[in-house]
Amino acid sequence: MPEMAAKYRRLDPQQIVGTVRALQDRIKERFPDSGLGKVVSELLGIAEETVARTQWIQKPHLPLRCGAALLSLAILALLAGLIVKIRQFQFNDYTNFIQALEASLSSVVFVGAAILFLVSWENRIKRSRALKAIHELRALAHIVDLHQLTKIPESCFAPGPPAAPEAARPLTPFELTRYLDYCSESLALISKIAALYVQGFQDSVLLDAVDDVEDLTSSFSQKIWQKITIVEYLTRSVPLEETSRAGAARPSSDAGILPN
């Protein structure tokens with residue numbers, strides 16, 4: 001029973017990869033050769049890479065830790081040698097005492113900074129790799145948003161201007177709703193993949209970056225659902241016969257068509 005409870009307290013990377021793969025299959029089935037399908041295919045590759053990256057980040061790296069420990073011990077040994085040398089000063093001499101104290105305090109500050117640098121060495125390397133991956137996810141979220149920008153709800157219900165013969169067919173209200181829904185699902189999965197990086201790695205800078213990605217995908221998804229709401233409203237308002245006639249008679253346009 002405790003194992004079952006723990007299962008639902010952590011994100012399962014394999015389940016996320018499976019969800020992305022299922023979304024890819026759904027898009028290919030309904031919108032073959034669409035640009036969104038290619039984006040989700042790239043997202044699937046990133047999700048699979050994320051599993052390996054997060055395992056590397058969450059695993060302790062003994063060579064780095066041993067190297068940092070040895071360098072820290074060497075610095076401490078050097079500090080101990082300085083303290084031994086300081087004892088040779090005549091502390092009844094006020095001037096020499098002040099100079100020795102000032103030099104000792106400066107050495108302690110620099111030694112502390114050096115040890116702190118070495119101790120955080122591993123975390124900084126892991127943070128750098130995770131931030132680079134999160135920047136890729138942020139860029140992918142913008143690409144998904146670009147695919148929904150030209151999907152105008154009104155284009156399914158009103159005739160549009162003529163377009164080139166090679167342009168893709170226009171979307172019906174149902175297809176447009178599904179397309180926008182797939183965009184929203186893609187954005188949600190991007191935020192879940194980003195959250196994997198902070199699940200087993202506590203870092204405030206990385207956590208802020210993941211929060212930014214989640215805020216970005218949420219704002220994009222909100223715009224998408226506003227369009228879905230408009231499509232549903234227009235579907236109820238416009239007679240079905242008129243919608244079907246407009247969809248059959250209207251040539252393709254840049255808005256409301258499948259991306260190439």
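This is a predicted model, so every value here is computed, not measured. (Residues numbered from 1 in each chain as written. Predicted model: local features only at pLDDT ≥ 70, side-chain atom pairs only at ≥ 80, totals over all residues. Heavy atoms only, no water.)

**Looking at the side chain of Gln199**
Relative to the elements of secondary structure, Gln199 occurs in the loop between helix H7 (173–195) and helix H8 (204–237). Taking relative accessible area as the criterion, Gln199 reaches 18% and is therefore assigned buried. Among the polar contacts listed, one links the side chain of Gln199 to the backbone nitrogen of Leu11, at a separation of 2.3 Å. Setting aside residues up to four positions removed in sequence, Gln199 forms contacts with Arg10 and Leu11. (Helix = DSSP H or I, 4+ residues; strand = E, 2+ residues; numbered from the N terminus. Buried < 20%, exposed > 50% of the residue type's maximum accessible area, 1.4 Å probe, protein only. Polar contact = N/O pair within 3.5 Å; in protein donor to acceptor, adjacent residues only side chain to side chain. Contact = heavy atoms within 4.5 Å.)

**Here we look at a nonpolar patch on the surface**
Taken together, the side chains of Leu70, Leu73 and Leu76 define a hydrophobic patch exposed on the protein surface, amounting to about 300 Å² of accessible area. By the element assignment, Leu73 lies in helix H4 (residues 62–86). (Patch = residues over 30% accessible without salt bridge, like charges linked within 9 Å, V, L, I, M, F, W, Y side chains within 5 Å. Areas by Shrake-Rupley, 256 points an atom, 1.4 Å probe, with all protein chains shown as cover. Salt bridge = Lys/Arg side-chain N within 4 Å of Asp/Glu carboxyl O.)

**With respect to the nonpolar core**
Within the largest apolar cluster, 50 residues are counted, with the highest numbers of intra-cluster contacts made by Val20, Leu43, Leu137, Ile190, Tyr197 and Leu206. Mapped onto this core, the elements with two or more residues apiece are helix H2 (13–30), helix H3 (35–58), helix H6 (121–149), H7 and H8. (Core = buried A, V, L, I, M, F, W, Y, C linked by side-chain atoms within 4.5 Å.)

**Brief notes about the side chain of Lys227**
Mapped onto the elements of the fold, Lys227 is located in helix H8. Buried charge without a salt bridge: Lys227, with Asp145 as the nearest opposite-charge side chain at an N-O distance of 7.2 Å. Only 3.4 Å separates the side chain of Lys227 from the backbone oxygen of Leu149, close enough to count as a polar contact. (Lys, Arg positive; Asp, Glu negative; His and termini not counted.)

**Regarding the environment of Gly200**
Relative to the helices and strands, Gly200 is located in the loop between H7 and H8. In sequence terms Gly200 and Ile57 are 143 residues apart; their C-alpha atoms lie 8.1 Å from each other.

**With respect to the packing of aromatic side chains**
Inspection of every chain in the model, using the stated rule, returns two aromatic pairs. Residues Phe31 and Tyr179 carry aromatic rings whose centres are separated by 5.3 Å and whose planes lie at 80° to one another, so their mutual orientation is edge-to-face. One end of the pair, Phe31, is in the loop between H2 and H3; the other, Tyr179, is in helix H7, with 148 residues separating them in the sequence. Both rings, one in Phe31 and one in Tyr182, keep their centres 6.0 Å apart while their planes meet at 75°; by these two values the pair is edge-to-face. Here Phe31 is found in the loop between H2 and H3, whereas its partner Tyr182 is found in helix H7, with 151 residues between them in sequence. Among the residues examined, Tyr182 registers a relative accessible area of 4% and is labelled buried. Every member of this aromatic cluster is reached through a ring pair, and the members are Phe31, Tyr179 and Tyr182. Across the ring face of Trp56, the terminal group of Arg129 is positioned such that the distance to the ring centre comes to 4.2 Å. (Phe/Tyr/Trp six-rings, centres within 6.5 Å; stacked < 30°, edge-to-face > 60°. Lys NZ or Arg CZ within 6 Å of the ring centre and 35° of its normal.)

**Points about the packing of H2 against H3**
Where H2 contacts H3, the axes come no closer than 9 Å and their chain directions differ by 165°. As far as their axial angle goes, H3 and H2 are roughly antiparallel. As for how H2 packs across H3, the hand of that crossing is left-handed. Residue-level contacts link Pro13, Gln14, Val17, Val20, Arg21, Leu23, Gln24, Ile27 and Lys28 of H2 to Leu36, Gly37, Val40, Ser41, Leu43, Leu44, Ala47, Glu48 and Val51 of H3. A class-by-class count of the residues in the contact of H2 with H3 yields 11 nonpolar, four polar and three charged. (Axes fitted to C-alpha atoms, helices over the stretch in contact; angles between N-to-C directions. Parallel < 35°, antiparallel > 145°, perpendicular 65-115°, else oblique. Left-handed = near helix turned anticlockwise from the far one by under 90°. Nonpolar A, V, L, I, M, F, W, Y, C, P; charged D, E, K, R; others polar.)

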